[in-house]
Every structure is written in structure tokens, then in C-alpha cells.
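Chain by chain, the residues:
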Amino acid sequence: MARLVPKAITFDVYGTLVDWEGEIQDFFAKFLQEKGITSATPYQVQQRWEVLQFDYIKEYRPYRQVLKDTLAITCNDFGFDFTDEDCTEFSNSMSHWRAFPDTVEAIKELRKYTKCVMLTNTDNDIIRATLSNAGIEVDDIITAEDAGCYKPHHGGFLLSQKKLGLTVDEMMHAGFGFKYDVIPGNELGYRTIWVNRQGIVRPIDDVSGDMLQYCKEDIMCGDLKTLAYIIKGMHAEDVENGEA
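The present account deals with the structure reproduced in this document.

Quick notes on the rules
- Residues numbered from 1 in each chain as written.
- Predicted model: local features only at pLDDT ≥ 70, side-chain atom pairs only at ≥ 80, totals over all residues.
- Heavy atoms only, no water.
- Helix = DSSP H or I, 4+ residues; strand = E, 2+ residues; numbered from the N terminus.
- Rg over C-alpha atoms; globule rule 2.2 N^0.38 Å.
- Buried < 20%, exposed > 50% of the residue type's maximum accessible area, 1.4 Å probe, protein only.
- Contact = heavy atoms within 4.5 Å.
- Areas by Shrake-Rupley, 256 points an atom, 1.4 Å probe, with all protein chains shown as cover.
- Axes fitted to C-alpha atoms, helices over the stretch in contact; angles between N-to-C directions.
- Parallel < 35°, antiparallel > 145°, perpendicular 65-115°, else oblique.
- Left-handed = near helix turned anticlockwise from the far one by under 90°.
- Nonpolar A, V, L, I, M, F, W, Y, C, P; charged D, E, K, R; others polar.
- Salt bridge = Lys/Arg side-chain N within 4 Å of Asp/Glu carboxyl O.
- Phe/Tyr/Trp six-rings, centres within 6.5 Å; stacked < 30°, edge-to-face > 60°.
- Lys NZ or Arg CZ within 6 Å of the ring centre and 35° of its normal.
- Core = buried A, V, L, I, M, F, W, Y, C linked by side-chain atoms within 4.5 Å.

**Considering the overall build of the protein chain**
- Regarding its fold elements, the protein chain presents ten helices and six strands.
- At 18 Å, the protein chain has a C-alpha radius of gyration in line with the 18 Å of a compact globule built from 244 residues.
- Relative to its full complement of 244 residues, the protein chain shows a buried share of 50%.
- Summarising the internal contacts of the protein chain: among those between residues at least 6 apart in sequence, 69% fall at separations of at least 24.
- Surface summary for the protein chain: the accessible area is close to 11,400 Å², and the carbon and sulfur share equals 49%.

**Quick notes on the side chain of Asp102**
- One can find Asp102 in the loop between helix H4 (84–93) and helix H5 (103–110).
- With residues up to four places along the chain from it excluded, the contact list for Asp102 reads Arg197, Asp223, Leu224 and Lys225.

**Remarks on the packing of helix H1 (residues 20–35) against helix H2 (residues 42–56)**
- Interhelical geometry of H1 versus H2 gives an angle of 120 degrees and a closest axis separation of 8 Å. With respect to their mutual orientation, H1 and H2 come out oblique. Judged by the twist between their axes, the crossing of H1 over H2 is right-handed. Of H2, the residues touching H1 (which contributes Trp20, Glu21, Ile24, Gln25, Phe28, Ala29 and Leu32) are Pro42, Tyr43, Val45, Gln46, Gln47, Trp49, Glu50 and Gln53.
- Considering only residue class, the contact of H1 with H2 consists of nine nonpolar, four polar and two charged.

**Points about the pattern of salt bridges**
- Scanning all chains against the criterion turns up 20 salt bridges.
- Asp12 serves as the salt-bridge partner of Lys151, at 3.1 Å between the closest nitrogen and oxygen. Of this pair, Lys151 sits in the loop between helix H7 (144–147) and helix H8 (155–164) while Asp12 sits in the loop between strand S1 (8–11) and H1, placing them 139 residues apart in sequence. The residues Lys151 and Asp12 share a single accessibility class, namely buried.
- The residue Lys58 makes a salt bridge to Asp55 at a minimum N-O spacing of 3.2 Å.
- The exposure class assigned to Lys58 is exposed, which follows from its relative accessible area of 67%.
- Several salt bridges converge on common partners, so that one network encompasses Asp12, Lys151 and Asp181.

**Digging into the packing of aromatic side chains**
- According to the stated counting rule, one finds 15 aromatic pairs in the structure shown.
- Between Tyr14 and Trp97, the ring centres sit 6.1 Å apart and the planes meet at 85 degrees, which makes this aromatic pair edge-to-face. Here the residue Tyr14 occupies a position in the loop between S1 and H1, and Trp97 occupies one in the loop between H4 and H5, the gap between them amounting to 83 residues.
- We classify Trp97 as buried; its relative accessible area is 3%.
- Pairing Phe178 with Trp194 gives two aromatic rings, centres 4.9 Å apart and planes at 70 degrees, and the pair type is edge-to-face. Highlighted residues: Phe178 in helix H9 (residues 178–187) and Trp194 in strand S5 (residues 191–195), separated in sequence by 16 residues. Across the pair, Trp194 and Phe178 agree in class, each one buried.
- Above the face of the Phe54 ring, Lys179 is positioned so that its terminal group lies 4.4 Å from the ring centre.
- Here the basic side chain of Arg197 rests over the ring of Phe100, its NZ or CZ set 3.9 Å away from the ring centre.

**So, the nonpolar core**
- The biggest cluster of nonpolar side chains holds 58 residues, and the ones touching the most others in it are Phe11, Tyr14, Leu17, Trp20, Tyr63, Met118 and Ile193.
- Those residues in contact with Trp20, other than ones at most four positions away along the chain, are Tyr14, Gly15, Trp49, Glu50, Gln53, Tyr63, Met94, Trp97 and Phe176.
- In terms of nonpolar packing, the next biggest core, distinct from the first, is built from nine residues, Ala8, Val117, Leu164 and Leu166 among them.

**A look at the environment of Leu110**
- Among the secondary structure elements, Leu110 is positioned in helix H5.
- Using a relative accessible area of 0% as the deciding quantity, one classes Leu110 as buried.
- As a C-alpha pair, Leu110 and Lys232 span 122 residues in sequence and 7.7 Å in three-dimensional space.

As C-alpha cells, then:
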């Protein structure tokens, strides 16, 4: 019987370990209040920014530049006034975005059974500052800056395999972003974990044809604490089967 617990889990960070949506909405709440804008809510702006950002990262640029540029694009899209200082403030905010309350202890628990490796759509300096500020300890980090591309491109996934010296069947990939993480992970043959913190409906309305086969994760959970329980249970079964 094959071992259930992988030798490593690669994790998306922002949205999975760190409160990506909440922190961005907080930024836009402050921005809208300071500008006296009442025509849109922080949630509406964040959701539109997400769509624009996803399209923008098809071409690689440093993520600090992505943040600056996409704030400007979003403001132009809504017709908001903004300054260069606003764009810089947004790009500088990411390293201080807060972790979800369960993250630190869950990662500590998970590291008892497997390596926890970050596979993240950002720059090296930003992710290191984020993890340090949040007190999150990990086994390794692979960034978009390292890979020269952003998920859902496969480059970062392949680089993580090479850096860790593992095959895809020895790994799992976990993320909150269905399009960023679950679909490309499935395309590459990973066992995938959808950390569905927002309890969203499976986003497959714009997926059709052969791609539908990649729209099913192996594990779905609502937080990392639950994932740690699942992996602990898998480890117990590995021990019972002599595979640990």
C-alpha cells in the first residue's frame, strides 16, 4: 500500500495562510474613506481588482510592480482618483498582511508529518517579510520571482519538484485559489488540497471541455487546522500499514 502522507506539501500563501482577501479589503476600505468615495464597497473593489490582477500576471513582472500597476488599473476601471503614493502604499502593504488565526499552530502540527514548502505568487523579499512578521516557520520557499512566472503557470510547481528532489507522486499541493492552485496542480498530477476558507461554490462556470477533469480536488477543508487533523489521521494509517 502506498504511503498516504506526502514527503512535502507545497502551499499557496496569500489566501491560504495569510488573509489575502481581508487585508486587501481593509486597504480599500481605508482608501475609499480617505478619498470620500461611496460609489463602491471595499468588497466590490477587491473582487474587481482580483479579476484584473489575475489577467495581469499572465506576463511576469516583479510583484511589487504588479501591485502598483493593478491598483492604478483598478482605480481607472472604477473612475477613482489616485496618486503614485497610493500605488506605492499598496505595494508596501503586502509584507504586513496578517495570517489567519489557525495558521501558525497548524503549520507547526503539519511539519511533524511532512515538509511544508511555500509556493507563492510574490517576490522573495515580500514573502520572507510576511512569514517573519506573522511568525510562520516553513521548510522552504519557492516564489514567482524564482520561477519567472506566476501560478497558474506550471513553472513554480516544476521548480519546487526540482528544488526538493521529489516526484509529483511524493507531494501534495494546497491552496485557496481554485484557478491558481487546484487546476494547475491537477494538470500536473498532484494530489490537491482546496483550502476553501470562504466557503465558495466550486468556480467552474468558465471551465469547459477537457479542463473539467481537472476541477476536482482530493481534499477540501475550510481551514488549516482541519487539514492538520486530516494529515495526522493519514499518518496514523501509514503507521498502522507500516508505511510511515
